[in-house]
Amino acid sequence: MGAAGVLESDRLRAGRDAGRRNTAVLVAFTAVTNLADGVVKMALPLLAVRAGGSPAQVTGVALAISLPWLLVALHAGVLVDRVDRRRLLWVTNVLRLLAMVPLLAAAASGDLSIALLAAAGAAIGIADVVASTAATALVPAAVPPAGRDKANAWMAGAETVFSEFAGPFVGGLLIALGAGYALGATWVAYAAAALVLLLLVGRFRAGASGASGAGGADGAGAAAYAGGGPAAAPATTVNGQIAEGLRYLWQHRLLRSLSLILTVLSGTWGAWLALIPLYATRDMGLTPGEYGVLLSALGIGGLLGAVTVTRLNRLLGRRRVMLADLFGTAAMAAVPALTADARAVAVAAFLGGLGGTLWTVNSRTVIQRAVPDAMLGRFSSANRMFAWGAMPLGAGLVGLLAELAGPRAAFGFFAVASALTVPFFLRAAARGADALR
């Protein structure tokens, strides 16, 4: 091997080492921040109840945490594409820490108010939007292409397990000890996450080469839209850049199809999560403990998906693995429409959690390969805005359907909606077979 070959081999080895290190850092950061976010989502509404809030005020506090996904996601995407993404992650954690300070002071003095809880929830919600978008967009610069499936898998698994399950569980235990314990532990978690980011290696401004061997989007998809020619000259205004991200999503045939499918699936998830507490306790007759076990099936499925997605992709191909989520989500909604048997519903929830992680990991990898690095923030935020925006819509619609026709009919409606995405996906996958390889 000549000198050039040795240098290239050393460069690739350095890139792999940096990628492994960055993957570990990003997974740790995702796990810690999602654990803290999960505690916040559990703790703030409960503290609003203790503060004497009305039902509207309590739900308003919860809404303040999630509403930023609809209000600021597109602008957050522009920010992610304009500044250093690692620095942006660090700044968002500082914002979280600052938002916790008045809460800690108020908890210590026994003067927590609804207004303070809502304001802190909104600040943390905005930070979550920016941090989630930046972390996803940072992966191509931090991890070489060969390691991105693994990085996306473990990050998606950490999001599911720590935000939706471990966080609320830990939050409930800490709230039982006292508000100060819950808020103080959350502050420490956000501080630890900020320190973890210092271990990342590489350059993380949009369009930078990143760690050795890592890069932005792969292939011709980074340079042209799926159905057209080269992209137009970059916009410089905020609204112009937002329009670029939305236009790229709409004009890229495969990514547009995946986003529309995800909107339907997210609506189904929002419907299931909104209706299953009532259905499980009233129709299925489960105790609170048994209901917790039922929900844990989602997390177990999600964790298994994170562990096995790379191997499943090799054995079955990315297209078949993503297709499995459509059947899993349809089953998750269909089984409670057909039976109130707790074991059957738990198995369906497991399949839904498994499929959800398989879809998340693979769709992120496809997006990171197809979207130019300089547009990843805007594209990801637009994609997530549709997905997260569909969840409250699904929750509202399922409540109306349950009132008019009963819970089983409501579940059945969303099962059919999820199943109808299957031929749509197969058609889109056939057209974009190379991108789903």
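Quick look at the structure, then. (Residues numbered from 1 in each chain as written. Predicted model: local features only at pLDDT ≥ 70, side-chain atom pairs only at ≥ 80, totals over all residues. Heavy atoms only, no water.)

## Some thoughts on the side chain of Thr-23
Then step 1. Along the chain, Thr-23 turns up in helix 1 (residues 3-50).
Then step 2. When residues no more than four places from it in sequence are discounted, the contact partners of Thr-23 are Val-143 and Ala-151. (Helix = DSSP H or I, 4+ residues; strand = E, 2+ residues; numbered from the N terminus. Contact = heavy atoms within 4.5 Å.)

## As for the nonpolar core
Then step 1. Within the largest apolar cluster, 58 residues are counted, with the highest numbers of intra-cluster contacts made by Leu-89, Leu-255, Leu-258, Leu-326, Trp-359, Val-371 and Phe-425.
Then step 2. If one sorts the elements of this core by residue count, helix 6 (residues 114-142) sits on top with 10 residues.
Then step 3. Once residues lying within four places of it in the same chain are set aside, the contact partners of Trp-359 are Leu-258, Ile-261, Leu-262, Met-322, Asp-325, Leu-326 and Phe-425.
Then step 4. If you look at the next biggest cluster of nonpolar residues, it comprises 28 residues, including Ala-43, Leu-44, Val-61 and Ile-175. (Core = buried A, V, L, I, M, F, W, Y, C linked by side-chain atoms within 4.5 Å. Buried < 20%, exposed > 50% of the residue type's maximum accessible area, 1.4 Å probe, protein only.)

## Examining a nonpolar patch on the surface
Then step 1. Taken together, the side chains of Leu-63, Leu-67, Leu-70 and Leu-71 define a hydrophobic patch exposed on the protein surface, amounting to about 350 Å² of accessible area.
Then step 2. On the secondary structure map, Leu-67 appears in the loop between helix 2 (55-66) and helix 3 (68-71).
Then step 3. We classify Leu-67 as partly exposed; its relative accessible area is 30%. (Patch = residues over 30% accessible without salt bridge, like charges linked within 9 Å, V, L, I, M, F, W, Y side chains within 5 Å. Areas by Shrake-Rupley, 256 points an atom, 1.4 Å probe, with all protein chains shown as cover. Salt bridge = Lys/Arg side-chain N within 4 Å of Asp/Glu carboxyl O.)

## As for empty space enclosed by the protein
Then step 1. Within this structure, the stated rule accounts for one cavity of 30 Å³ or more.
Then step 2. Considered as a void within the structure, the largest cavity measures approximately 60 Å³ in volume.
Then step 3. Leu-255, Leu-258, Ser-259, Leu-262, Trp-359, Ser-363, Ile-367, Phe-379 and Asn-383 together form the lining of the largest cavity.
Then step 4. Secondary-structure elements contributing two or more residues to the lining of the largest cavity are helix 10 (253-283), helix 13 (342-370) and helix 14 (376-405).
Then step 5. Among the elements that take part in the lining of the largest cavity, helix 10 stands out by supplying four residues, more than any other.
Then step 6. For the lining of the largest cavity, the per-class residue count stands at six nonpolar, three polar and no charged. (1 Å grid on protein atoms, 1.4 Å probe; cavity = no way out; pocket = protein on both sides within 12 Å on 5 of 7 lines; lining within 4 Å. Points joined across faces, edges and corners; volume = space filled by probe spheres on them. Nonpolar A, V, L, I, M, F, W, Y, C, P; charged D, E, K, R; others polar.)

## Some points on the pattern of salt bridges
Then step 1. In the structure shown here, the tally under the stated rule is 10 salt bridges.
Then step 2. Connected through shared salt-bridge partners, Asp-81, Arg-85, Glu-244, Asp-373 and Arg-378 make up one network.

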